[in-house]
Amino acid sequence: MLSVAVGRYDLAAQFADAWERADDASMGQLLGYPECCVRFFCQFWIIDKLLDPTLSAAARTVGKWSQRIELALPSDGLTSVAWRWLGVRSVFHLPCSLNCEATREVGRQLRSLMIRLERGTEAEWLRQLLAAPFEYSSLHGIAITRTPICKWTHSTDALGTRFDVLGLSSEPWLDGSASGRGHMYRPVAVPAAPTPNLPGPGQIAHEYNSDQNGFPTAWLMRRAHARVLAVVDPRAIESNDSVLDLGCGNGALLAAIVRESGAQAFGVEQNLTRAAAAKERLQVNGDALQTSSIWEYRSARTFGTALISVARLEEYRTFRAYLGRCILARRWVIYDYSGKLVERAEVLGIRLDGVVDNHAGLVVDWGHNA
Ligand SMILES: [Zn+2]
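Residues numbered from 1 in each chain as written. Predicted model: local features only at pLDDT ≥ 70, side-chain atom pairs only at ≥ 80, totals over all residues.

## A few points about the overall build of the chain
Turning to step 1, where the next piece is worked out: Of the regular secondary structure elements, the chain holds 14 helices and 12 strands.
Turning to step 2, where the next piece is worked out: Counting over 370 residues, the chain shows a buried share of 33%. (Helix = DSSP H or I, 4+ residues; strand = E, 2+ residues; numbered from the N terminus. Buried ≥ 20, exposed ≤ 12 C-beta atoms within 10 Å, placed from the backbone.)

## Quick look at the nonpolar core
Turning to step 1, where the next piece is worked out: Counting residues in each nonpolar core, the largest one holds 45 residues, and the members touching the most others are Val 243, Leu 254, Ala 306, Val 333, Ile 334 and Tyr 335.
Turning to step 2, where the next piece is worked out: Filtering out sequence-adjacent residues up to four positions away, Val 243 remains in contact with Ile 237, Leu 254, Ile 257, Val 258, Ala 263, Ala 265, Phe 266, Phe 303, Gly 304 and Thr 305.
Turning to step 3, where the next piece is worked out: Of all hydrophobic cores here, the second largest spans 29 residues; its members include Phe 40, Ala 82, Leu 129 and Val 165. (Core = buried A, V, L, I, M, F, W, Y, C linked by C-beta atoms within 7 Å. Contact = placed C-beta atoms within 7 Å.)

## Here we look at the packing of helix α5 (residues 101–116) against helix α6 (residues 120–131)
For any two helices packed against each other, one specifies the inter-axial angle together with the distance between the axes.
Turning to step 1, where the next piece is worked out: The geometry of α5 relative to α6 is characterised by a closest axis approach of 7 Å and an angle of 145° between their N-to-C directions. Contact residues: Arg 111, Met 114 and Ile 115 in α5; Gly 120, Glu 122 and Ala 123 in α6.
Turning to step 2, where the next piece is worked out: Grouping the amino acids of the contact of α5 with α6 by side-chain chemistry returns 3 nonpolar, 1 polar and 2 charged. (Axes fitted to C-alpha atoms, helices over the stretch in contact; angles between N-to-C directions. Nonpolar A, V, L, I, M, F, W, Y, C, P; charged D, E, K, R; others polar.)

## Some words on the sheet that holds strand β11 (residues 353–356)
Turning to step 1, where the next piece is worked out: With mixed pairing, 7 strands are arranged side by side in an open sheet as β8-β7-β6-β9-β10-β12-β11. A single partner strand is all that each edge strand has here, and the edge strands are β8 (289–290) and β11.
Turning to step 2, where the next piece is worked out: Pairing of strand β10 (residues 328–335) with strand β12 (residues 360–363) involves 4 bridges; the strand directions are antiparallel. Its bridge partner being in β12, Ile 334 is matched across the sheet by Gly 361. (Pairing = 2+ DSSP bridges.)

## Section: the sheet that holds strand β2 (residues 134–139)
Turning to step 1, where the next piece is worked out: Pairing in this open sheet of 5 strands is mixed, and the strands run β1-β5-β2-β3-β4 from one edge to the other. Of all strands in the sheet, those bounded by a partner on one side alone are β1 (68–72) and β4 (151–155). Direction aside, the axes of adjacent strands within the sheet are offset by 15° on average.
Turning to step 2, where the next piece is worked out: Strand direction decides the pairing type here: strand β3 (residues 142–146) and β4, joined by 5 bridges, are antiparallel.

## Focus on the confidence of the model for the chain
Turning to step 1, where the next piece is worked out: On average, residues of the chain score 85 in pLDDT, and 89% of them are at 70 or above.
Turning to step 2, where the next piece is worked out: Taken as a whole, residues 198–209 scores under 50 in pLDDT and shows 13 contacts with residues more than four places along the chain or in a different chain. (pLDDT = per-residue confidence, 0-100.)

## Looking at α5
Note that an α-helix has 3.6 residues per turn; residues three or four places apart therefore point the same way.
Turning to step 1, where the next piece is worked out: Compared with the 22 Å implied by 1.5 Å per residue over 16 residues, the 23 Å span of α5 between its first and last C-alpha is a close match.
Turning to step 2, where the next piece is worked out: For α5, the full list of buried residues reads Thr 103, Val 106, Gly 107 and Arg 111. An end-on view of α5 places all buried positions within 140° of arc, on one side of the element. In α5, the exposed positions that point more than 90 degrees away from the buried face belong to Glu 101, Gln 109, Ser 112, Leu 113 and Arg 116.
Turning to step 3, where the next piece is worked out: In the segment just after α5, Glu 118 is the residue with positive phi, at about 60°. (Expected span 1.5 Å × (residues − 1). Arc of directions from axis to C-beta.)

## A closer look at unusual backbone geometry
Turning to step 1, where the next piece is worked out: Within the chain, Ala 22 stands out as a residue other than glycine whose phi angle is a positive 55°.
Turning to step 2, where the next piece is worked out: For Ala 22, the position within the fold is in the loop between α1 (9–21) and α2 (24–30).
Turning to step 3, where the next piece is worked out: Assessed through the 9 C-beta atoms surrounding it within 10 Å, Ala 22 is described here as exposed.
Turning to step 4, where the next piece is worked out: Look at Gln 283: it is not a glycine, yet its phi comes out positive at around 55°.
Turning to step 5, where the next piece is worked out: Relative to the elements of secondary structure, Gln 283 occurs in the loop between α10 (272–282) and β8.

Pasting the structure below:
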C-alpha cells in the first residue's frame, strides 16, 4: 500500500515523521481536523479499537448512552455519520458528535469549495441525503441502516445488546422515497374508513355479508330473526325433522332454528359469499346447501318446515305453482323483515295463518292459495 500526503514541504515532512511514529493526534492536526474530533478518533479508533462510529457519535450528541437514541438531525447535514458506510459524507474526518461546531465549519468550507468548482447541485444532493431521517440498528456485530431510499447492512462492533439510533428529520421526503409504516418512510396514505353500515356500490365487505347478512348491524339481524323464530317455534321441531330456508343468506336464521333440535338444515343461497358463510356456520356440504337462485332448486324430499321471504315471492309471478308442486313441506313460514307482511301478502293473494307482529306468518297450503 502506498500512502501519499500532499502539502507544503515543511508540513509534508512533519506528516511523514508523524506517520513513521504512528502519531495519530499529530496526523489529525496536520490534516486540519478539529481537535475535539482528533481526540475522539484516538480514543475510539486507537484505544478502544472500535469500528463503527454511529453509536458513539450519537451517544455523544445526546450526552448519554442508551439502547435507543433519538437524534434531531441538523438540516445542513454537515456532521452526519450515518451514510459513511456508502461513502456519503460532508467531511473527511470522523465528527465527534452531530453537534460538533468545528466539524460544521470544516464542512462549510468544503461545501463552498464544491460550489466554486461548480458542484453546487451535488452539494445539495449531499445535504439532502445527510439530512434525511435514518434508522440504525446493531446487534452482535451486524448493523442495518435504513433510509427513505435504501438500506444497507455492514459489520459493526460486536455488542451483546441491541442498540438503535433514530435520526429524526424535519426535511421533506427525498424524491423516490419509499412508503411504509416505519418512521423513516413516507407515511402510507390510509384510505378513509368506510361509513359504518352504509357500504357504497361494490364495497360490500365479506364481513358485512357474513356477519350481518345484509342487515346494517348484527343486532338488527338477530332482532329480525327473533320475530321469525317466534312463528317457527324451534322447540316444536323434532331431531329427525328437516328445515329448508330458501334464500338462507349466511345461515344464521337456519342455525338458530335447528340449534336446539338438531334437525337437518337445508339452504339455498345465490350469493357466493353468504353461501360460503352458511356452509361454514351450519357445517353442511353437498346437497344440503345449494348455491343457486331459489327458483332453480328442486328436491325429492318432504321438509318438515320451509321458509321463504315475501320479497322473494314478489320476484316470481308463478311462485304458487313452483312452491306447491316442486318443493314439498308440511309447514311453510313466510316472513317479511320490513314488517309489512299482511299488506304484501294481500297484494300477492296469499292467505296467512298465525301472523305475529306483521313480520312472519304460516302458510298452510300453497295449493289452497292457488
Ligand atoms: Zn468534534
